[in-house]
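Spelled out from the first residue to the last, the chains are:
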2 protein chains.
Amino acid sequence: MKFRDPQIEMAHGAGGKASRRLVEGLFAPLLFGATTGPLGDAAHISLDGIRVAITTDSFVVKPLRFPGGSIGELAVNGTVNDLAVSGARAEALVVTYVLEAGLPTEILEAEVRAMAEAAKRAGVAIAGGDTKVVEHGKADQIYITTAGIGRPISGIAISPTSVRPGDKVLLSGPIGDHGITILLARGELELEAELCSDTRSVLPLVAALADAAAPGIRWMRDPTRGGVATSLNELARDCGLAVVLAEDAIPIRDTVRGACELLGLDPLHIANEGQFLAIVAAERADAALEALRRTPGGHEAVIIGEIREQPAATVLGATSYGGTRVIDMLVGDPLPRIC
Amino acid sequence: MKFRDPQIEMAHGAGGKASRRLVEGLFAPLLFGATTGPLGDAAHISLDGIRVAITTDSFVVKPLRFPGGSIGELAVNGTVNDLAVSGARAEALVVTYVLEAGLPTEILEAEVRAMAEAAKRAGVAIAGGDTKVVEHGKADQIYITTAGIGRPISGIAISPTSVRPGDKVLLSGPIGDHGITILLARGELELEAELCSDTRSVLPLVAALADAAAPGIRWMRDPTRGGVATSLNELARDCGLAVVLAEDAIPIRDTVRGACELLGLDPLHIANEGQFLAIVAAERADAALEALRRTPGGHEAVIIGEIREQPAATVLGATSYGGTRVIDMLVGDPLPRIC
């Protein structure tokens, strides 16, 4: 599958179908070699016989600060979370800044402080970094990139190919808070609502899940860009099975639901920065759910569906009225630059 | 030392005095904690008892392609080299792209290919990555960030505090090629010359040096932004000793010297992307030099000076006419966005 789009559009950065085309059609064949399997949130490599997980993300969220968080906090939590859902505990981060000339120092300092505080909360050290400055008009205030390394959490081995019919789909809490918060924070809509980004480290929740159900954890992902629908479609494609969701079971705040209805968006496509999905073997699912609910920040965790044999490689939503619909990946980019 | 500049200027990204103020006055105290010693090119951390080196850099060079290299190649070599001069062999890189909407795919593809080829040449795997897209006008085509992890090269322990009077200053080859190549490639000057960037992995040279003189290698650095003068001033400050250079011994191509004279620049302040400095114990210096010269790409290596007790924390240049001058760090930013 060769990438044939003639130029880069916003949708290529949105985490949905266009992003996947870019990664699978251009980056993966050239950079990662033909032997690479499904692309996870972090790579696990062997260094002198010990396994190390490594991941990286750039952050270009706009505006820089929003209810519940800021770009600096996202940059720490995003990388800690990518490691966590790959089954690893973050040990150290490195960070780079691309700064626009003319940026007031107080804006930079606020984000550096936000990173330091988020790193402290997440229990990870910041080990080094780099700064570049570009001319005024060649960036949008601050872009931050973090890379993180971590060690595998004992007993977890994540792979879409280990997913089996009957496995349960767990979700750590309400969805869509981050994306809709960013949308509202831009002030382009005549909407006001009490809503905060869910940005946080999910590592304590992942660790609790591992303690309760480690051998039964098949797969995890934090549904950021593209939302729950995109993450589960990637899973369905990679494991070749059906993911069947009980749509009524998915926790969505009224504010998020209302904003989505108004804008014609599906909450399942909206980005999250502090939630994760886990596929857990049926016999471990109740213990896993209880463990999440007992952990601070996990009381809204739910089982939202299960894996079935058919229809292959598809995500279905079933409602309590008996209807079902096919839930597709995100197409286009309704909410650019949300992380 | 608190960072008091009210806003970010191009000079804060130039690698000289302003960059150092930003790092030491803002980033280091907030992000790295008070216990951090001198900031090296890569951090060495312990993961379950094994030592791992980690580093990161962003690349915003303009233009994207220039004689001898391109942004993608720099992004690989820069991180491989930061690990190498910290005494580590790169094992894996991760990469992020910030892309400007409207970027022609062929430009992106050329850089992805350049990265793949540079990684192959440097013997390092690219393990993963991320892509963000920002609106047209919010970036300058492509910004690339790489992070790398590596394992220490046996027998090398780099620290400015291990430097002693009498140690020799080794340089791997001619200086200033990269910075002047970028300047000429911008076409803003009415100058034409046959010159190529020196971008390359210095790992083979560092490995040869380690084989020949490992216990005698005190310190290494690749003099990128800010050039040889800035790197050696940082060393002089960190070790409290004098670095005395025989200026006539420093290899500088006629083209570089000519362009610098015309523009009022000091070649010692011009960036390099494929050279490194090493401080080596006197008794190992000849063996070290021979080893470099025997290694492909190292035939122009030279000893350019030595460490003395006085004047403390200073870099001096001595000419064959008997004069000496104080060589300062880079101030301002005569050549923005050279990497």
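Per-chain numbering applies: the sequence of each chain, read as written, is numbered from 1 onward. Working convention: letters from A go to chains and numbers from 1 go to ligands, in the order in which they are written. Given that the model is predicted, a residue must reach a pLDDT of at least 70 before its local features are reported, and side-chain atom pairs must reach 80 or more before they are shown or counted; all residues, however, enter totals for whole chains, interfaces and linings. Excluding hydrogens and water, the side-chain figures rest on all heavy atoms present in the structure.

Asker: What am I meant to see in the interface of chain B and chain A here?
Answerer: Where interface size is given, it is often the accessible area lost as the parts come together that is meant. Contact criterion: two residues are considered in contact whenever any of their non-hydrogen atoms come within 4.5 Å of each other. Each partner contributes to the interface: chain B provides 70 residues, whereas chain A provides 70 residues. Salt bridges, as used here, are contacts in which a Lys or Arg side-chain nitrogen is within 4 Å of a carboxyl oxygen on Asp or Glu. In this assembly, chain B and chain A are joined by eight salt bridges. Pairs of N or O atoms are called polar contacts if they sit within 3.5 Å, as long as, within protein, a hydrogen donor faces a hydrogen acceptor (for residues adjacent in sequence, only side-chain-to-side-chain pairs). The interface formed by chain B and chain A holds 29 residue pairs in polar contact (both at pLDDT 80 or more) in total. Helix and strand labels come from DSSP, where a helix needs a run of H or I of at least four residues and a strand needs a run of E of at least two; each type is numbered from the N terminus. The set of elements that each furnish at least two residues to the side of chain B that touches chain A consists of α1 (17–32), β1 (43–47), β2 (50–59), β5 (88–100), α3 (105–122), β6 (125–134) and β7 (142–152) of chain B.

Asker: Where do I start with the sheet that holds strand β10 (residues 242–246) of chain B in this structure?
Answerer: Strands belonging to one sheet form pairs held by backbone hydrogen bonds; the direction of such a pair is parallel or antiparallel. All names here are of chain B. Pairing in this open sheet of seven strands is mixed, and the strands run β9-β11-β8-β12-β10-β13-β14 from one edge to the other. Looking along the sheet, the strands with just one partner apiece sit at the ends: β9 (217–221) and β14 (324–326). Averaged over neighbouring strand pairs, the angle between their axes works out to 25 degrees when direction is ignored. Paired strands are those between which DSSP finds at least two bridges. Two elements, β9 and strand β11 (residues 277–280), share four bridges in a ladder whose sense is antiparallel. Along β11, the bridge assignment pairs W219 with I279. To get an axis, a line is fitted to the C-alpha atoms, and for a helix only the part in contact is used. The angle between two axes follows their N-to-C directions and goes from 0 to 180 degrees. Taken strand by strand, helix α5 (residues 203–213) contacts β8 (168–171), β9 and β11, and its axis lies near 170 degrees from that of β9. Contacts from helix α6 (residues 227–239) reach β8, β9, β10, β11 and β13 (314–318), with the element oriented near 140 degrees to β9.

Asker: Would you explain the relation of the copies chain B and chain A in this entry?
Answerer: Two chain copies here: they are related by a rotation about an axis and a translation along the same axis. Least squares is used to superpose the copies, and the fit set is the C-alpha atoms of residues whose pLDDT is at least 70 in both copies. The two copies are related by a screw motion: chain B maps onto chain A through a turn of 180 degrees and a shift of 0.0 Å along the axis, at an RMSD of 0.0 Å. When the rotation and shift are considered jointly, the pair of chain copies conforms to a two-fold rotation axis. Nearest to the rotation axis, the C-alpha of A139(B) is located 2.3 Å from it, this being the minimum over chain B. The fraction of interface residues of chain B whose copies in chain A are also interface residues reaches 100%, indicating that both copies meet through the same surface.

Asker: I'm lost on the nonpolar core in this one. Help?
Answerer: By convention a nonpolar core is built from buried Ala, Val, Leu, Ile, Met, Phe, Trp, Tyr and Cys residues, the set being connected through side-chain atoms within 4.5 Å. Exposure is judged per residue with a 1.4 Å probe applied to protein chains only, and the accessible area is read against the type maximum: over 50% gives exposed, under 20% gives buried, and values in between give partly exposed. Counting residues in each nonpolar core, the largest one holds 100 residues, and the members touching the most others are Y97(B), L108(B), L232(B) and F276(B). No other element matches helix α2 (residues 71–85) of chain B, which puts eight residues into this core. Core analysis: the second largest hydrophobic core is formed by 99 residues, Y97(A), A101(A), A271(A) and F276(A) among them.

Asker: Looking at this model, I keep getting lost on the pairing of β5(B). Mind explaining?
Answerer: It is a general feature of regular strands that their side chains alternate between the two faces of the sheet. All names here are of chain B. Summarising burial for β5: 11 of the 13 residues are buried, a large majority. In this sheet, β7 lies alongside β5 in antiparallel orientation, the contact comprising 11 bridges. Bridged to T96 within β7 is T145. Here β5 runs beside β6; their pairing, made up of nine bridges, is parallel. If you follow L93 over to β6, its bridge partner there is I126.

Asker: Would you take a moment to explain the packing of helix α4 (residues 177–185) of chain A against helix α7 (residues 254–263) of chain A for this structure?
Answerer: Helix-helix packing is characterised by the crossing angle of the two axes and by the distance between the axes. Residue and element names in this part refer to chain A. In the contact formed by α4 and α7, the axes pass within 10 Å of each other and the chain directions differ by 65 degrees. Between α4 and α7 lies a crossing of left-handed hand. On α7, the residues that touch D177, I180 and L183 of α4 are V256, A259, C260 and L263. Residue polarity follows a fixed list, in which Ala, Val, Leu, Ile, Met, Phe, Trp, Tyr, Cys and Pro are nonpolar, Asp, Glu, Lys and Arg are charged, and the others, Gly among them, are polar. Split by residue class, the contact of α4 with α7 holds six nonpolar, no polar and one charged. By definition, any crossing whose near helix is turned counterclockwise from its far helix by less than a right angle is left-handed, and any crossing with a clockwise turn is right-handed.

Asker: Could you clarify how one ought to interpret the packing of aromatic side chains in this entry?
Answerer: Any two aromatic rings considered together are summarised by their centre-to-centre distance and by the angle between their planes. Note on ring pairs: Phe, Tyr and Trp rings are taken, using the six-membered ring of Trp, and paired if centres are within 6.5 Å. Classes follow the plane angle, with under 30 degrees stacked, over 60 edge-to-face and the rest tilted. Applying the stated criterion across every chain, the model contains two aromatic pairs over all chains. Taken together, a centroid distance of 4.7 Å and an interplanar angle of 15 degrees make the contact between F27(A) and Y97(B) stacked. Here the residue F27(A) occupies a position in helix α1 (residues 17–32), and Y97(B) occupies one in strand β5, the pair thus bridging two chains. A single burial state applies to F27(A) and to Y97(B), both of which are buried. Taking the ring centre of F59(A) as reference, the NZ or CZ of K132(B) above it sits at 5.4 Å. Note on geometry: a ring has a charge over it if NZ (lysine) or CZ (arginine) is within 6 Å of the ring centre and within 35 degrees of the ring normal.

Asker: Would you mind going over the side chain of S19(B) with me for this structure?
Answerer: Residues and elements named next belong to chain B. In this fold, S19 is placed in helix α1. Under the relative-accessibility criterion, S19 is labelled buried at 9%. What S19 contacts, discounting residues up to four positions off in sequence, is A11, H12, G13 and A14.

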